[in-house]
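Now for the letters of each chain:
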Amino acid sequence: MENKGIFEVFFRVKPFTILNIVRNSQGEIHAAKVAKQAGCTYSHTRKILLFLGKKRLLTFDKRNKKHTINLTEKGNQVAEHIGKIIEIDKSISRMPKM
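The present account deals with the structure reproduced in this document. Residue positions are counted from 1 within each chain, in the order its sequence is given. Only residues with pLDDT of 70 or above have their local features reported here, since the model is predicted, and side-chain atom pairs are shown and tallied only from 80 upward, although totals for entire chains, interfaces and linings are computed over all residues. Side-chain metrics rest on all non-hydrogen atoms present in the structure, leaving aside hydrogens and water.

### Examining the packing of aromatic side chains
Planes of paired rings set the category: under 30 degrees apart is stacked, over 60 is edge-to-face and the rest tilted, where pairs are Phe, Tyr or Trp rings (Trp by its six-membered ring) whose centres lie within 6.5 Å. Applying the stated criterion to the full structure yields 0 aromatic pairs. Lysine and arginine charges are scored as sitting over a ring when NZ or CZ, respectively, is within 6 Å of the ring centre and within 35 degrees of the ring normal. If you follow Arg46 out to its NZ or CZ, it ends over the ring of Phe60, 5.5 Å from the centre.

Structural data, given as structure tokens:
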């Protein structure tokens, strides 16, 4: 636990990583692309995406055969706040140890 940052101690990394990938995507993004960028299997990514959808942080828009993923306003706010925690974690990690 000594080597972990604050973020890894308090949060699960993969769900936020997936949320952040959707937030930072340029244009349309699909579950397979999110899985590849997050370094997760497609099934694990899909499970996390469905959970985030149930919590109304994401929406799915079906076009053609693929579902595009978009953040809701609430999802964007959550990602923004967690991003601030990550920045604090980075600044703490750079501080000299006593």
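### Thoughts on unusual backbone geometry
You will see that Arg56, though not glycine, has its phi angle at about 65°, which is positive. Only DSSP runs of H or I covering at least 4 residues are called helices, and only runs of E covering at least 2 are called strands; the numbering of each starts at the N terminus. The residue Arg56 is located in the loop between α4 (42-54) and β1 (58-63) in this model. Only protein chains enter the area calculation, which uses a 1.4 Å probe; residues under 20% of their type maximum are buried, those over 50% are exposed, and those in between are partly exposed. With a relative accessible area of 65%, Arg56 lands in the exposed category.

### Side note on the side chain of Thr72
Secondary-structure assignment places Thr72 in the loop between β2 (66-71) and α5 (73-93). Think of a polar contact as two N or O atoms within 3.5 Å of one another; within protein, one of them needs to be a possible hydrogen donor and the other a possible acceptor, and neighboring residues in sequence only count if both atoms come from side chains. A polar atom in the side chain of Thr72 sits 3.1 Å from the backbone nitrogen of Gly75.

### Points about the packing of helix α2 (residues 13-24) against α4
A pair of packed helices is characterised by two quantities: the angle between their axes and the separation of those axes. Between α2 and α4, the least distance of the axes is 10 Å, while the angle of their chain directions is 75°. Put simply, α2 runs roughly perpendicular to α4. Packed against α2, whose contacting residues are Lys14, Pro15, Ile18 and Leu19, the element α4 presents His44, Thr45, Ile48, Leu49 and Leu52 at the interface. Residue classes in the contact of α2 with α4 are distributed as 6 nonpolar, 2 polar and 1 charged. All axes here are fitted lines through C-alpha atoms, helices being fitted over the stretch that makes contact, and every angle between N-to-C directions spans 0 to 180 degrees. Angles are sorted into four bins: roughly parallel if under 35 degrees, roughly antiparallel if over 145, roughly perpendicular if 65 to 115, and oblique for all others. Note on definitions: a residue-residue contact is assigned when non-hydrogen atoms from the two residues lie within 4.5 Å. Just so you know the grouping, Ala, Val, Leu, Ile, Met, Phe, Trp, Tyr, Cys and Pro go in nonpolar, Asp, Glu, Lys and Arg go in charged, and all remaining residues, Gly too, go in polar.

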